[in-house]
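Structural overview
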Amino acid sequence: MSTSIEVFAHHWAFAIYLIGALGLCSLMLLGAYYLGGRSQARAKHIPYESGINSVGSARLRISAKFYLVAMFFVIFDVEALFLYAWAVSIKESGWLGFIEASIFILVLLVGLFYLVRIGALNWTPVRSCRHVAKPSEVIKTNNRHP
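So, how was this worked out
Residues numbered from 1 in each chain as written. Predicted model: local features only at pLDDT ≥ 70, side-chain atom pairs only at ≥ 80, totals over all residues. Heavy atoms only, no water. Helix = DSSP H or I, 4+ residues; strand = E, 2+ residues; numbered from the N terminus. Areas by Shrake-Rupley, 256 points an atom, 1.4 Å probe, with all protein chains shown as cover. UniProt positions renumbered as here; feature names shortened; annotations may be inferred. Phe/Tyr/Trp six-rings, centres within 6.5 Å; stacked < 30°, edge-to-face > 60°. Buried < 20%, exposed > 50% of the residue type's maximum accessible area, 1.4 Å probe, protein only. Axes fitted to C-alpha atoms, helices over the stretch in contact; angles between N-to-C directions. Parallel < 35°, antiparallel > 145°, perpendicular 65-115°, else oblique. Left-handed = near helix turned anticlockwise from the far one by under 90°. Contact = heavy atoms within 4.5 Å. Nonpolar A, V, L, I, M, F, W, Y, C, P; charged D, E, K, R; others polar. Lys, Arg positive; Asp, Glu negative; His and termini not counted. Salt bridge = Lys/Arg side-chain N within 4 Å of Asp/Glu carboxyl O. Expected span 1.5 Å × (residues − 1). Patch = residues over 30% accessible without salt bridge, like charges linked within 9 Å, V, L, I, M, F, W, Y side chains within 5 Å.

1. Quick look at the overall build of the protein chain
Secondary structure summary: the protein chain contains 4 helices and 2 strands in total. Counting from the amino terminus, helix and strand elements in the protein chain follow one another as α-α-β-β-α-α. Carbon together with sulfur atoms contributes 69% to the accessible area of the protein chain, which is approximately 14,300 Å² in total.

Below, the structure is given as structure tokens:
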């Protein structure tokens, strides 16, 4: 027997699976091509989103705060993933694992408090924030007129 027949004999199930998967994909693509609609309307290539026709350009300036919120979400989502893995193995990790998880949570809380303190989570525009005068900014005035 040749080596190609021996290889096929050893891997016949995978070869049948591969032929079946490629045949099914080809059948679906050809079926969609022949059975699909062929309308050529003027508005066919216009973007349509939730019943509203698009207006303007897609190149909009988006505030960086949207990206910051997305990064915060990813960071705290990964935190939840680590804490879930810790919670599943709580019996095996014991007190040492509890102390390590507590330190992990504490570091993340310190980071969260830092972000709140510097205003990274503040979505209020600067023009609508109330300005609270610090004692050094208060100018003492006297009642005498010049």
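So, next bit.
2. Topic: the UniProt feature "transmembrane region" (unreviewed entry) in the protein chain
The feature "transmembrane region" (unreviewed entry), as given by UniProt, occupies residues 12-35, 66-87 and 93-116 in the numbering adopted here. Helix makes up 100% of residues 12-35 and strand makes up 0%, while its end C-alpha atoms are separated by 34 Å. As annotated, residues 66-87 comprises 100% helix and 0% strand, and the C-alpha atoms at either end are separated by 31 Å.

3. Side note on the packing of aromatic side chains
A full pass over the atoms with the stated rule returns 4 aromatic pairs. Ring plane angle 80° and centroid distance 5.9 Å describe the contact between phenylalanine 82 and phenylalanine 104, whose orientation is recorded as edge-to-face. In this pair, phenylalanine 82 sits in helix H3 (residues 64-88) while phenylalanine 104 sits in helix H4 (residues 90-118), placing the two residues 22 residues apart along the sequence. Taking the centre distance of 6.3 Å and the plane angle of 35° together, the rings of tryptophan 86 and phenylalanine 98 count as tilted. Placement of tryptophan 86 in helix H3 and of phenylalanine 98 in helix H4 is noted, with a sequence separation of 12 residues between them. With a relative accessible area of 24%, tryptophan 86 lands in the partly exposed category. Site record: aromatic cluster; members linked through ring pairs are Trp86, Trp95 and Phe98.

4. Quick look at the packing of H3 against H4
Look at H3 against H4: their axes get within 9 Å of each other, and the N-to-C directions meet at 165°. For the element pair H3 / H4, the angle class is roughly antiparallel. In this structure, H3 crosses over H4, and the sense of that crossing is left-handed. Across from Phe72, Ile75, Phe76, Glu79, Phe82, Leu83, Trp86, Ala87 and Val88 in H3, the residues of H4 making contact are Ile90, Glu92, Ser93, Gly97, Phe98, Ala101, Phe104, Ile105, Leu108, Leu112 and Leu115. Grouping the constituent residues of the contact of H3 with H4 by class yields 16 nonpolar, 2 polar and 2 charged.

5. Digging into the side chain of glutamate 79
Examined against the element boundaries, glutamate 79 turns out to sit in helix H3. Although glutamate 79 is buried, it forms no salt bridge, and the closest oppositely charged side chain is arginine 117 at an N-O distance of 20 Å. Among all residues touching glutamate 79, those that are not within four sequence positions of it are Phe104 and Leu108.

6. Re helix H2 (residues 12-35)
Helical geometry note: an α-helix holds 3.6 residues per turn, so side chains three or four residues apart project in the same direction. The end-to-end C-alpha separation of H2 is 34 Å, in line with the 34 Å expected for 24 residues at 1.5 Å each. Within H2, only 1 of the 24 residues are buried, which leaves the element largely exposed.

7. Considerations on a nonpolar patch on the surface
A cluster of nonpolar residues, Leu60, Ile62, Phe66, Tyr67, Val69 and Trp123, forms a patch on the protein surface that exposes about 670 Å² of accessible area. Residue placement: phenylalanine 66 occurs in helix H3.

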